[in-house]
Structure formats: C-alpha cells, structure tokens
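# Breakdown of the fold
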Amino acid sequence: MSMNTWTLSLLALVISLPLHAAEGFSSLEEQMSGSEFTAAGLDKLSQQELTALNNWIRSRSLATLDTPKTDASERGLENQKASTTDRSAFSSRIKGSFTGWDGNTVFELENGMIWEQADDERFYIREIQNPAVTIEPGIFKTWRLSVEGYSSACKVKRIQ
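What counts as what
By convention here, each chain's residues receive numbers from 1 onward along its written sequence. Two thresholds apply to this predicted model, a pLDDT of at least 70 for residue-level local features and 80 or more for giving and counting side-chain atom pairs, whereas whole-chain, interface and lining totals are computed over all residues. Only heavy atoms go into the side-chain values, all of them from the structure, while hydrogens and water stay out. Starting at the N terminus, helices and strands are each numbered in turn, a helix being any DSSP run of H or I of at least four residues and a strand any DSSP run of E of at least two. Working rule for helices: expected span equals 1.5 Å times residues minus one. Only protein chains enter the accessibility calculation, which uses a 1.4 Å probe; a residue is then buried when its area is under 20% of its type maximum, exposed when over 50%, and partly exposed in between. The directions from the helix axis to the C-beta atoms form the arc being described. Should any heavy atoms of two residues lie within 4.5 Å, those residues are counted as being in contact. Polar contact is the term for a pair of N or O atoms within 3.5 Å; when the atoms are in protein, one must be able to donate a hydrogen and the other to accept it, and sequence-neighboring residues count only if both atoms are side-chain atoms. Each Phe, Tyr or Trp ring (for Trp, its six-membered ring) is paired with any other whose centre lies within 6.5 Å, and the angle between the two planes then decides the class: stacked below 30 degrees, edge-to-face above 60, tilted in between. Only when the NZ atom of a Lys or the CZ atom of an Arg is both within 6 Å of the ring centre and within 35 degrees of the ring normal do we say a charge sits over the ring. For this analysis, a salt bridge means a side-chain nitrogen from Lys or Arg found within 4 Å of a carboxyl oxygen belonging to Asp or Glu.

## Some remarks on helix H4 (residues 47-59)
- Taking 1.5 Å of rise per residue, the 13 residues of H4 would be expected to cover 18 Å, and the 18 Å separating its terminal C-alpha atoms lies within 8% of that figure.
- When H4 is considered as a whole, its buried residues turn out to be Leu 50, Asn 54 and Ile 57. Each buried residue of H4 lies within a common arc of 60° when the element is viewed along its axis, so the set occupies one face. Residues Gln 48 and Ser 59 are exposed on H4 and point more than 90 degrees away from its buried face.

Here you go:
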C-alpha cells in the first residue's frame with residue numbers, strides 16, 4: 001500500500017468516526033495500534049510535528065469522540081480522589097533506567113503510581129535514566145503513556 005493510499009485510508013477512517021460534541025479528543029496515537037502508527041510513518045514525526053498534526057485534526061473536529069465518564073473505582077484507582085469527570089493528563093518520571101516496553105512492562109513512577117502495559121506493542125530505545133512521561137486518557141476508558149522526546153505511546157492501566 002503506497003503512502004498516499006495509506007494516508008487517504010487513515011483520513012477516511014478518522015472522518016468516519018462518530019462526530020459528537022468536542023468533549024473528548026482522541027489523538028492518532030490513541031486511535032491507532034503501535035504497528036499501525038509505525039506503518040503510517042507517524043513514528044518518524046517529532047513530538048512537535050505530531051502535536052501539530054493532532055491539533056490540526058482537533059481543530060477540524062475530525063477525531064472528536066464522546067468519551068464515557070468513569071469513576072475512580074471503575075479504573076482501578078480506588079485510592080485516588082477523582083470525580084467522575086477527572087480524566088486529566090499528568091506527567092511524572094519513570095524511576096531508574098528505561099529502555100522501552102515489550103508487551104509486559106511495568107512502569108514505576110516517581111509520584112508513587114505503578115502502571116502496567118495493557119497492549120502487546122514493543123518499543124526499544126537506548127537506556128536512559130528517569131525519563132519524563134505523560135499519561136493521557138484514551139478512548140473507551142483507556143490510558144496512554146508516552147515518553148518525552150519520543151512519538152511512540154503504549155496503552156497502560158494503573159495497578160497501584
């Protein structure tokens with residue numbers, strides 16, 4: 001499949017998504033599996049370029065989804081005070097060395113949270129220490145973890 005065909009297919013997919021009120025934007029990283037993201041060449045974009053592309057899509061309401069609200073117990077976050085609308089992105093750092101994820105990775109953060117990978121995607125980098133990460137809400141009650149400076153992300157769930 002050529003890049004133009006793939007891009008047109010991607011745009012058709014995004015456009016065909018249910019269009020509701022601008023309550024919950026779903027980024028390309030959230031909508032695509034890691035292999036789809038890589039196959040589309042989006043992993044080659046800088047974080048700034050990827051953000052610009054997501055902002056372009058968001059501004060045209062092409063990828064706005066109605067994200068259902070959940071309470072903390074449904075997400076396994078019984079100890080976190082959260083209202084039913086609290087699905088805000090946050091940042092922290094991974095404790096110690098980091099070389100990527102392999103489908104079974106556990107992420108221990110400096111803020112005390114522990115998250116585990118909830119997909120089977122793989123991503124490897126040269127070892128770095130205490131990288132900054134962002135965890136953002138995804139679609140269908142999911143969460144996505146990304147490492148600062150890299151355009152890959154994986155689905156995660158909180159275990160502590």
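From this point, things continue past the structure.
## Brief notes about the environment of Arg 122
- Of note, Arg 122 is situated in the loop between strand E6 (114-117) and strand E7 (123-129).
- Considering only alpha carbons, one finds Arg 122 and Asn 104, 18 residues apart in sequence, at a separation of 9.2 Å.
- Non-local contacts of Arg 122, meaning those with residues more than four positions away in its chain, are made with Trp 101 and Asp 102.
- In terms of polar contacts, Arg 122 uses its side chain to reach the backbone carbonyl oxygen of Asp 102, at 2.5 Å.

## Some remarks on the packing of aromatic side chains
- Under the counting rule described, the total for this entry stands at seven aromatic pairs.
- Taken together, a centroid distance of 6.1 Å and an interplanar angle of 40° make the contact between Phe 90 and Trp 115 tilted. You can see Phe 90 sitting in strand E3 (residues 90-93) and its partner Trp 115 sitting in strand E6, a full 25 residues away along the chain.
- Judged by relative accessible area, Phe 90 falls into the partly exposed class, the value being 22%.
- Measuring from ring centre to ring centre gives 6.3 Å for Trp 101 and Phe 107, while their planes differ by 75°; the resulting arrangement is edge-to-face. Residues Trp 101 and Phe 107 agree in their burial class; the two are buried.
- One aromatic cluster is present, built from ring pairs that chain together Phe 98, Trp 101, Phe 107, Phe 123 and Tyr 150.
- Directly above the aromatic system of Trp 143 lies the positively charged group of Arg 87, at a separation of 4.6 Å from the ring centroid.

## Thoughts on unusual backbone geometry
- Positive phi, close to 45°, is recorded for Asn 130, a residue that is not glycine.
- One can find Asn 130 in the loop between E7 and strand E8 (132-137).
- According to the relative accessible area criterion, Asn 130 is partly exposed, its value standing at 28%.
- A positive phi angle, close to 55°, is found at Phe 140, a residue other than glycine.
- Its location among the elements puts Phe 140 in the loop between E8 and strand E9 (143-147).
- Take Phe 140: its relative accessible area is 67%, and that puts it in the exposed class.

## Examining the pattern of salt bridges
- Considering all chains together, one arrives at two salt bridges under this definition.
- Across the pair Glu 108 and Lys 95 runs a salt bridge, and its minimum N-O distance is 3.4 Å. With Glu 108 in strand E5 (residues 106-108) and Lys 95 in the loop between E3 and strand E4 (97-101), this residue pair connects regions lying 13 residues apart in the sequence.
- Judged by relative accessible area, Glu 108 falls into the partly exposed class, the value being 39%.
- Looking at Lys 95, the relative accessible area reads 44%, which means it is partly exposed.
- For Lys 157, the salt bridge identified is with Glu 116, shortest N-O distance 3.4 Å. In this pair, Lys 157 is assigned in strand E10 (residues 153-158) and Glu 116 in strand E6, connecting sequence segments 41 residues apart.
- When its relative accessible area of 45% is taken as the criterion, Lys 157 is described as partly exposed.
- Residue classification places Glu 116 among the partly exposed positions, given a relative accessible area of 24%.

Taken by themselves, the reported measurements are silent on function.
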